[in-house]
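Fold and geometry: a report
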Amino acid sequence: MAEHGTDEPSSRTGSPDREGRASGDRLSLHQRLAVRELIDTELSYLHLLRLCASDIRSRLQQLPPGDLDVLFSNIDDVIEVNSRFLHDLQETTSREEEQVYLIGSLFLEFQEELERVYRVYCASYDQALLLVETYRKEPELQREIQSVIEAVVPQAGRSGLSFLLVIPLQRITKYPLLLQKILENTVPDASAYPVLQRAVSALQDVNTNINEYKRRKEVASKYARVEQLTLRERLARLNTHTLSKKTTRLSQLLKQEAGLVPRTEDKEFDDLEERFHWVSLCVTEMKNNVAVYLDNLETFLRFRPQEYDLDIAGGPVPEYCSLMRELQLQAFPRFKQRLEVLVWQPLCTLAKALAGPQNLVRKRLDKLLDFERVEEKLLEAGSVTYEEQEARHTYQALNSLLVAELPQLNQLAMRWLGQILCTFVGLQRDLAQQVLQRAEGSLAQLPHYHLSEPAFWKLVEDTLGQNGHQLRSFQENFEKVLPPPTVQPLLPGAERQVQVLLSRYGPEKLYQVTSNVSGAGTLDLTLLRGQVVALLQNKDTKGNSSRWLVDTGGHRGYAPAGKLELYHVISGQEEIKGQEGPHQDSRHLAPEPIPAPVPSLPTVTQAVAVYPFVARSSHEVSLQAGQLVTVLEAQDKKGNPEWSLVEVNEQKGYVPSSFLARAPSPAPWGWSLPS
């Protein structure tokens, strides 16, 4: 009986032990199954990704390249990260006792990399779906895409592209669930339990951060669009809601300026914004400078002195002309083409890429005013409306995005700009080398080729001095015998406008337009050849001296300085003096033109002055509207048909040909046709 009594308790205590062992075995079994599910599904998932990146993407080349980039986004980066992750995951199978612990540690190790690649893919997923919807509207294209996908991935079914594109999103959201399943089948006192807990929390944070990043990108894409709207289109968008928002923002800004409410200070963002402003300014200045450089290069290529007869026999001139022809046909055009492709186009692309972030920075200020107003209301009333809460979240998302990405953008833009500058310098160096190589044979025939450097510079100095003396001598001779007038005629009816500008600004500020000007910018003027304007400032707001601020008498704006020349105003006394003797101002006057001898068949005709004309030098003659004149020559001494030599009131001189019209009546008394 004693033995029986002692055996009875042991049988009763043995049953819970067996149940505990059975429960532990079940947990271990379910844990192994969960681990096996994780590894097997990861292997299958990576296989599908590789099919998308290789077979499917290569067979959809009929789609535009830009569409493929949007559809598959950064799938190559996802494959690279998940390949390493799967390799390390499979390595844990060789250490079964601590496999669960290693899996938890592995997820913690890959946490940042998974978030980095998957947030980019998820942010572009909605845009990829929009493309899929457009393909469905084209039945033939949709059939081609569907046939490709069914041939590679039959299980995709009728979903097609949508089935494949959503797979990475499903996988990243399933990681926390798979880890949670392993955790649920792990005993709490196991060493792997806290590691798995941290891994589950980390993957949940990854998904939360991806959603937040996607929301920020949606806000950024909404406000980064740069629209070129006319004033009418802007007014059409105004409504009571927008007017209310703008009024509230203006009120908030005025209260801050008056010191009635505090201004939100964000030193980190202010520093980033200032640097971004300077980066944008550098890009804009570089773009303007390259544009001017290209214009000057175009002008240089149009100037071809080697095609003219220089009337210099022998010497280095033929060699120079031959070299210049070769450079003008090959080296310089090639340099211009490479400059446009390697410098100008990347610079324009960079400037365009900065337009969206610039708009975001401006929008942030508006959203900051909304945020400050909502914060004030939240402190006073304790609650806000749903719309106000959305405005608050919009500012926080926009500010977080700018703070996170402006440093990278500044760094990338500066690196891009630096590469463009290095390319520009390299192109200049290549051009210099090409010119030297092509000129090597010609240089050997020049008289100074074998001279030492000091002797060469002495030769240059002597040559420049000699040429300067010849130029001064030529200038003195040229001043004695000037060609016919080159001053542009005034536009019809412009005398009164000239008098107004003269009385307002004085004669030293008046300039005349030498050729038609077509205004391209918002402040650029459109001017006609011969129009007189008054100079207000000889540079623009950026200090560019090639654009002058002028007044037309009705409008003010900018005009190219190269198309303006000083307008010489002749007073009545100077005009009389000019008719009596030679004028003193050698820049605008010439001696009395000598009329050509009348040929055997005279070409004189009668004409009528359509517009009044005031002579401004001794070789011009004044006209009254409707006055009858005799045209002696229908061109000047150089053959320029814009000026005609006429006789009126027994005075001979030049007048603008456009101011004359053929006399409609028969020849007046005293004038006869040549016999």
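Identification of the protein chain as Rho guanine nucleotide exchange factor 37 from Gulo gulo is taken from an unreviewed UniProt entry. Under the heading Function (unreviewed entry), UniProt records this for the protein chain: "May act as a guanine nucleotide exchange factor (GEF)."

Here we take up the sheet that holds strand β7 (residues 628-633). Overall, antiparallel pairing links the five strands, which are arranged β9-β8-β7-β6-β10 in an open sheet. Bordering the open sheet on either side are β9 (651-656) and β10 (660-662), each of which pairs with just one other strand. If you compare each strand with its neighbour and ignore which way they point, the axes differ by 45° on average. In this structure, strand β8 (residues 643-648) lies alongside β9, joined through six bridges in antiparallel fashion. Residue pairing for β9: Leu645 is matched across the bridge by Tyr654.

If you check which residues of helix α17 (residues 495-505) are buried, you get Val498, Leu501 and Tyr505. Axial view of α17: buried residues confined to an arc of 65°, hence all on one face. Looking at α17, the residues exposed on the side facing more than 90 degrees away from the buried face are Arg496 and Ser503.

Below, the discussion takes up the packing of helix α13 (residues 267-302) against helix α14 (residues 317-381). Working note: a packed helix pair is described by the angle between its axes plus the distance between those axes. At a closest axis distance of 9 Å, the pairing of α13 and α14 adopts a crossing angle of 155°. Accordingly, the angle class assigned to the pair α13 and α14 is roughly antiparallel. The handedness of the crossing between α13 and α14 is left-handed.

Time to look at helix α2 (residues 65-72). Residues of α2 that are buried include every one of Asp67, Leu68, Val70, Leu71 and Phe72, and no others. Positive phi shows up at Ser73, right after α2, with a value of about 45°.

Here the focus is unusual backbone geometry. Although it is not a glycine, Asn649 sits at a positive phi angle of roughly 55°. Residue position: Asn649 is located in the loop between β8 and β9. By relative accessible area, Asn649 is classed as exposed at 62%. The backbone phi angle of Glu650 is positive, close to 65°, even though this residue is not glycine. On the secondary structure map, Glu650 appears in the loop between β8 and β9. For Glu650, a relative accessible area of 77% gives the class exposed.

Rules used throughout
Residues numbered from 1 in each chain as written. Predicted model: local features only at pLDDT ≥ 70, side-chain atom pairs only at ≥ 80, totals over all residues. Heavy atoms only, no water. UniProt positions renumbered as here; feature names shortened; annotations may be inferred. Pairing = 2+ DSSP bridges. Helix = DSSP H or I, 4+ residues; strand = E, 2+ residues; numbered from the N terminus. Axes fitted to C-alpha atoms, helices over the stretch in contact; angles between N-to-C directions. Buried < 20%, exposed > 50% of the residue type's maximum accessible area, 1.4 Å probe, protein only. Arc of directions from axis to C-beta. Parallel < 35°, antiparallel > 145°, perpendicular 65-115°, else oblique. Left-handed = near helix turned anticlockwise from the far one by under 90°.

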